[in-house]
Amino acid sequence: MAGATWRDPERVDEWIGELSKTEPVVTFCVYGFHIGCETAETLRKAGFDSRYMAGGHYAWKATKGPVTLFK
């Protein structure tokens, strides 16, 4: 997904300071359940406008959302 940056959800305390509280944050995982939801909740508790993408990466691909492959 254009503009997406992978971040390890288990290390949220290490990268949370790199995010801006003035911009919304969308989290997602492969299926759009547990990991993406938990990460969004952690960010909300820290004062971020954070939401998760229901259905995750699989739903994005199923709707033909654009995907960029990196080499």
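Refer to the structure presented above.
Residues numbered from 1 in each chain as written. Predicted model: local features only at pLDDT ≥ 70, side-chain atom pairs only at ≥ 80, totals over all residues. Heavy atoms only, no water.

## Looking at the overall build of the protein chain
Heads up, the condition is: Here a strand is any run of E in DSSP of at least two residues, a helix any run of H or I of at least four, and the numbering for each starts at the N terminus. Each radius of gyration is computed over the set of C-alpha atoms, and the globule rule expresses the reference value as 2.2 Å times the number of residues to the power 0.38. Each residue is placed in one exposure class: buried if its accessible area under a 1.4 Å probe, protein chains only, is under 20% of its type's maximum, exposed if it is over 50%, and partly exposed if it falls in between. Every residue pair with non-hydrogen atoms within 4.5 Å of one another is taken to be in contact. Here the accessible surface of atoms and residues is derived via Shrake-Rupley with a 1.4 Å probe, and residues count as covered only by protein chains that are part of the display. Asp and Glu count as negative and Lys and Arg as positive, but His and the ends of the chain are not part of the count. Note that the charge is assigned to NZ on lysines, CZ on arginines, CG on aspartates and CD on glutamates.
In terms of helices and strands, the protein chain carries three helices and two strands. In terms of overall dimensions, the protein chain is globule-like: its C-alpha atoms have a radius of gyration of 12 Å, near the 11 Å expected for 71 residues. Oriented by its inertia axes, the alpha-carbon framework of the protein chain measures out at about 35 × 25 × 20 Å. Here the protein chain, with 71 residues, has 24% of them falling under the buried criterion. Restricting to contacts in the protein chain with at least 6 residues of sequence separation, those with at least 24 account for 60%. By element, 57% of the accessible surface of the protein chain is carried by carbon and sulfur atoms, the whole surface being about 5600 Å². Across the protein chain, the centroid of the 9 positively charged side chains sits 9 Å from that of the 9 negatively charged ones.

## With respect to a nonpolar patch on the surface
The cut-off we apply is this: Here the term patch refers to residues with relative accessible area over 30% and no salt bridge, with like charges joined within 9 Å and nonpolar side chains (Val, Leu, Ile, Met, Phe, Trp, Tyr) within 5 Å. Here, a salt bridge means any Lys or Arg side-chain nitrogen found within 4 Å of an Asp or Glu carboxyl oxygen.
Taken together, Val 30, Tyr 31, Phe 33 and Tyr 58 make up a surface patch of nonpolar side chains, about 470 Å² in accessible area. Looking at the secondary structure, you find Tyr 58 in helix 3 (residues 56-62).

## Some words on the packing of aromatic side chains
Note the threshold: Pairs were defined over the aromatic rings of Phe, Tyr and Trp, the Trp ring being its six-membered one, requiring ring centres within 6.5 Å. Orientation was assigned from the angle between planes: stacked under 30 degrees, edge-to-face over 60, tilted for the rest. Working rule: Lys NZ or Arg CZ, within 6 Å of ring centre, within 35 degrees of ring normal, means a charge sits over the ring.
Under the criterion given, the structure shown has zero aromatic pairs. In this structure, Lys 21 is placed above the aromatic ring of Phe 48, and the distance from its NZ or CZ to the ring centre is 5.3 Å.

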